[in-house]
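# Observations on the three-dimensional arrangement
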Amino acid sequence: MKLSVKLGIIFFLIIFGLESFMFFFLHSALVDNRVEEELNGLLARGNSHRSVLEMNFDKTTISHITLMESEADTDVVITDSDLNFIGSSNQSIHFSKYIQSKTHDIPRHGKVIENNWRKTPFIATVSPIEIDKQVVGYVYMFQDTASVQSLIKHLNEHFLLAGFISIALTFFIIIVLSKALTKPLLEMKEATSQISNGNYTVSLPKVANDELGDLANSIQLLAQKLNYLTKERNDFLASISHELRTPLTYIKGYTDIVHKRNLPREEQEKYLEIIIEETTRLSVLIKELFVLAKFDQNTFVIQKQQIDLHEFLNNIEQKLSPAFKEKDRVLDVFCPENLFLMADPARLEQIFLNLLDNAMKYSSSGDKTVLRVIRKGTNCHISISDTGKGIPEKDIPHIFDRFYRVDKSRTRTLGGSGLGLAIVRELIHAHGGTIEVKSKENIGTQFELIFKGAIG
Ligand SMILES: Nc1ncnc2c1ncn2[C@@H]1O[C@H](COP(=O)(O)OP(=O)(O)O)[C@@H](O)[C@H]1O
Ligand SMILES: [Mg+2]
């Protein structure tokens, strides 16, 4: 069933129930009130006749009263204390069956003896006539219930009409309301199905500032994000194929040369060397892509343990120093002793090797790289600064992007794929840390890493 129909039915049932409840109460209150009023009026009339009779309890007064009542739409019966008729305004009606009730407990202000206006032809009251504290007779008053009934019938007709109008109005309002409520939902459903069909340029009208508006905004944001992600994925795939194609072209070209031409041994060696180099580059590239894919799938696992940073960095220094020396660069590591960090040792090593490898690659002979560790509270600040060639200001925001290299042609001879910093950043974020870069062209570059969870 459609949402609008469901909503409509629920609203209708609730409001219809409320309305019927209210109408029922209003109706019965009005009817009771009306009947009460009639009865009180009748009683008051009987009491006033009684008062007149108490002043002059004689034949003339009685006939006056009966005459008066025969002209009104009420009737009177006057009896003596033994309930014998001594006057009646309407001879054709037998009131006697009303006049059998017990008479000793009738209060001074009279009493209603028949109020069942629905079933009986009359409502009736009685008032005692007392002279010298002695009951000498009774005034019975009667009123035809037909008038009350027609009054109530009238009232019922009004109520029916009002009920009908309010139900029709409710129905109409509910249809409009539920349509208005579900319209934005339908639009959003349409938008999401367009998004799933690959059309990311959906535009949802700006609805009110409520939950529906928020939902519409979220859908729009989702579309933008998907659009961005699709574009990024396409760029990424294009870059990957490009990066894979270049070494493969080299490999194929040189293999062909070695294979077809009868080259001297020396030259063959030279080409085979290039082939090995390119193959290594390919396998490194594929390994890096694999790591990044794991990040994208969120299947990357970090296994933290307590690491003695001093010892850990000493090992790294020993590992890299020969390479630095060979290229005539200096590497200095400063780390306080007894400083421990919760981290994944293999990943941490990957981070440092990448950053130090960059520092070595993008500098010239005589340049110096310094790795310094400082503990600030429970944070561990690690800076890696070099006096190398630096990064142009316009490239700084991009260096963490995948495949981004400042100087594509030159870095290729250095063996970089442009994935190193992208991986470093992912690894640091996976540890809950941050990385920032400051650099000046021809002066040097400084990476500042902050890790949480330092003990020492
Ligand atoms: N210490 C550095 N000094 C100068 N430039 C750097 C440094 N580190 C990184 N870069 C620049 O950032 C780019 C991206 O680095 P990276 O992602 O490690 O790729 P790769 O090392 O494979 O080229 C590098 O190509 C280089 O231009
Ligand atoms: Mg690198």
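None of the values given here were measured: they were computed from a predicted structure. (Residues numbered from 1 in each chain as written. Chains lettered and ligands numbered in written order. Predicted model: local features only at pLDDT ≥ 70, side-chain atom pairs only at ≥ 80, totals over all residues. Heavy atoms only, no water.)

### Remarks on the packing of aromatic side chains
Following the criterion strictly, the structure yields 16 aromatic pairs and no others. Aromatic side chains Phe 95 and Phe 142 sit 4.1 Å apart centroid to centroid with 15° between the ring planes, which places their arrangement in the stacked category. In this pair, Phe 95 sits in the loop between β2 (85–88) and β3 (111–114) while Phe 142 sits in strand β5 (residues 134–144), placing the two residues 47 residues apart along the sequence. Overall, the relative accessible area of 1% leaves Phe 95 in the buried class. We classify Phe 142 as buried; its relative accessible area is 1%. Between the aromatic rings of Phe 295 and Phe 300, the centroid separation amounts to 4.1 Å while the plane-to-plane angle is 15°, which identifies the pairing as stacked. Accessibility assignment for this pair places Phe 295 and Phe 300 in one class, buried. Grouping aromatic residues by their ring pairs yields a cluster made of Phe 95, Phe 122, Tyr 138, Tyr 140 and Phe 142. (Phe/Tyr/Trp six-rings, centres within 6.5 Å; stacked < 30°, edge-to-face > 60°. Helix = DSSP H or I, 4+ residues; strand = E, 2+ residues; numbered from the N terminus. Buried < 20%, exposed > 50% of the residue type's maximum accessible area, 1.4 Å probe, protein only.)

### Section: the environment of Lys 183
Along the chain, the position of Lys 183 falls in helix α3 (residues 145–196). A relative accessible area of 51% means that Lys 183 is categorised as exposed. In the structure, Lys 183 is positioned 179 residues away from Ser 4 in sequence and 8.7 Å away in space, judged by C-alpha atoms.

### Things to note about the sheet that holds strand β8 (residues 340–343)
What the 3 strands build is an open sheet, ordered β6-β8-β13; its pairing is antiparallel. The two strands at the open ends of the sheet, each matched to only one other strand, are β6 (305–308) and β13 (454–455). Pairing of β6 with β8, which is carried by 4 bridges, proceeds in the antiparallel orientation. Following the sheet pairing, Gln 306 is matched in β8 by Met 342. Its contacts with the sheet place helix α6 (residues 309–326) against β6 and β8, and it is angled at close to 65° to β6. (Pairing = 2+ DSSP bridges. Contact = heavy atoms within 4.5 Å. Axes fitted to C-alpha atoms, helices over the stretch in contact; angles between N-to-C directions.)

### A few points about the domain arrangement of the chain
Quite often, the size of an interface is put as the accessible area lost when its parts meet. Domain boundaries assigned for the chain yield domain 1 (3–151), domain 2 (211–296) and domain 3 (305–455). A straight line from the C-alpha centre of domain 1 to that of domain 2 covers 103 Å. (Domains from an automatic or database assignment.)

### Concerning the side chain of Asp 75
With respect to the helices and strands, Asp 75 occurs in strand β1 (residues 74–80). Despite its burial, Asp 75 pairs with no opposite charge, the nearest such side chain being Arg 45 at 9.2 Å. A polar contact is formed between the side chain of Asp 75 and the side chain of Ser 89, at a distance of 2.8 Å. Among all residues touching Asp 75, those that are not within four sequence positions of it are Glu 69, Ser 89, Asn 90, Phe 95, Tyr 140, Met 141 and Phe 142. (Lys, Arg positive; Asp, Glu negative; His and termini not counted. Salt bridge = Lys/Arg side-chain N within 4 Å of Asp/Glu carboxyl O. Polar contact = N/O pair within 3.5 Å; in protein donor to acceptor, adjacent residues only side chain to side chain.)

### Concerning the site of ligand 1
Within the structure, ligand 1 sits among 20 residues, and Asn 358, Tyr 362, Ser 417, Gly 418 and Leu 421 are positioned closest to it. Val 406 has a polar backbone atom sitting 3.2 Å from an oxygen atom of ligand 1. For ligand 1, whose unbound accessible area comes to 530 Å², protein coverage reaches 96%. Top contributing element to the shell around ligand 1 by residue count: helix α7 (residues 345–361), with 3 residues. Split by residue class, the shell around ligand 1 holds 9 nonpolar, 8 polar and 3 charged. (Near = heavy atom within 4 Å. Areas by Shrake-Rupley, 256 points an atom, 1.4 Å probe, with all protein chains shown as cover. Nonpolar A, V, L, I, M, F, W, Y, C, P; charged D, E, K, R; others polar.)

### Comments concerning α3
For α3, spanning 52 residues, the distance from its first C-alpha to its last is 74 Å, which sits close to the expected 76 Å at 1.5 Å a residue. Roughly 30° is the biggest bend found in α3, and it falls at Thr 182, with proline Pro 184 one to four residues downstream. Two or three places before Ala 146, at the opening of α3, Asp 144 has a side-chain oxygen 3.1 Å from that residue's backbone nitrogen. Among the residues trailing α3, Gly 198 stands out with phi positive, at a value near 95°. (Expected span 1.5 Å × (residues − 1). Bend = angle between axes of the 7 residues up to and from the residue.)

### Here we look at α7
Under the 1.5 Å per step criterion, the end-to-end length of α7 is 24 Å for 17 residues, consistent within 8% with the ideal 24 Å. Those residues of α7 not exposed but buried are Leu 348, Ile 351, Phe 352, Asn 354, Leu 355, Leu 356, Asn 358, Ala 359, Met 360 and Lys 361.

### Topic: the side chain of Ser 127
Mapped onto the fold, Ser 127 is located in strand β4 (residues 122–131). Within the structure, the side chain of Ser 127 is placed 2.8 Å from the side chain of Asn 47, a separation counted as a polar contact. Contact partners of Ser 127, with chain neighbours within four places excluded, come to Leu 43, Gly 46, Asn 47, Arg 50, Gly 110, Gly 137, Tyr 138 and Val 139.

### Examining the state of the cysteines
Enumeration according to the criterion identifies 0 disulfides in this entry. Free cysteine: Cys 335, not disulfide-bonded; nearest cysteine sulfur from Cys 380 at 7.0 Å. (Disulfide = S-S within 2.5 Å.)

### Some details on a nonpolar patch on the surface
Taken together, the side chains of Leu 169, Phe 172, Ile 173, Val 176, Leu 177 and Leu 181 make up a nonpolar region of the molecular surface, amounting to roughly 550 Å² of accessible area. Position of Phe 172 among the secondary structure elements: in helix α3. Owing to a relative accessible area of 54%, Phe 172 belongs among the exposed residues under this scheme. (Patch = residues over 30% accessible without salt bridge, like charges linked within 9 Å, V, L, I, M, F, W, Y side chains within 5 Å.)

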